[in-house]
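# Structural overview
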Amino acid sequence: MPRKPANSKVGLLLSLGSSALAVARTVKQMRRVRGTQDKLTTANTVAGLLPLITSALLVLRRLRGRSRQQAG
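Notes on the structure follow. (Residues numbered from 1 in each chain as written. Predicted model: local features only at pLDDT ≥ 70, side-chain atom pairs only at ≥ 80, totals over all residues. Heavy atoms only, no water.)

Another aspect to go through is the overall build of the protein chain. From N to C terminus, the protein chain includes 2 helices and 0 strands. The buried share among the 72 residues of the protein chain stands at 15%. Per element, the accessible surface of the protein chain, about 5,900 Å² overall, is 61% carbon and sulfur. (Helix = DSSP H or I, 4+ residues; strand = E, 2+ residues; numbered from the N terminus. Buried < 20%, exposed > 50% of the residue type's maximum accessible area, 1.4 Å probe, protein only. Areas by Shrake-Rupley, 256 points an atom, 1.4 Å probe, with all protein chains shown as cover.)

See below:
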């Protein structure tokens, strides 16, 4: 079976979906931690959230680039 290119639209959408789920899970954890007033755990949660947001933004940029290539 032939392999799809690494930047296939389906692959990018799956990556975006998994990033969105991870961000939602981390935000839920952040709300739970915020009530405990534990600053170290809060900092850990925020630090874990930043790479997830970055990866989601990178996938969105790739998707936008693909749509521009198809339009132009």
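On the surface, a cluster of positive charge is contributed by Arg-61, Arg-62, Arg-64 and Arg-68. Tracing the chain through its elements places Arg-68 in helix 2 (residues 39-71). Under the relative-accessibility criterion, Arg-68 is labelled exposed at 60%. (Patch = residues over 30% accessible without salt bridge, like charges linked within 9 Å, V, L, I, M, F, W, Y side chains within 5 Å. Salt bridge = Lys/Arg side-chain N within 4 Å of Asp/Glu carboxyl O. Lys, Arg positive; Asp, Glu negative; His and termini not counted. Charge placed at Lys NZ, Arg CZ, Asp CG, Glu CD.)

Relative to the elements of secondary structure, Thr-42 occurs in helix 2. Considered as a pair, Thr-42 and Arg-31 are 11 residues apart in the sequence and their alpha carbons are 9.3 Å apart. When neighbours within four sequence positions are excluded, Thr-42 is seen to be in contact with Met-30 and Val-33. (Contact = heavy atoms within 4.5 Å.)

With that settled, the discussion passes to the side chain of Ser-19. When you line up the elements, Ser-19 lands in helix 1 (residues 9-34). Judged by its relative accessible area of 7%, Ser-19 falls in the buried class. Look past the residues within four positions of Ser-19 in its chain and what remains in contact with it is Leu-52, Ser-55 and Ala-56.

A word on a nonpolar patch on the surface. A surface patch of nonpolar side chains, amounting to about 400 Å² of accessible area, comprises Val-46, Leu-50, Ile-53, Leu-57 and Leu-60. Here Leu-57 lies in helix 2.

Turning to the side chain of Thr-45, a few remarks are in order. Here Thr-45 shows up in helix 2. When its relative accessible area of 5% is taken as the criterion, Thr-45 is described as buried. For Thr-45, the side chain forms a polar contact with the main-chain oxygen of Thr-41, separated by 2.9 Å. For Thr-45, the residues in contact, after removing those within four places along its chain, are Thr-26, Gln-29, Met-30 and Val-33. (Polar contact = N/O pair within 3.5 Å; in protein donor to acceptor, adjacent residues only side chain to side chain.)

Keep in mind these values describe shape, not function.
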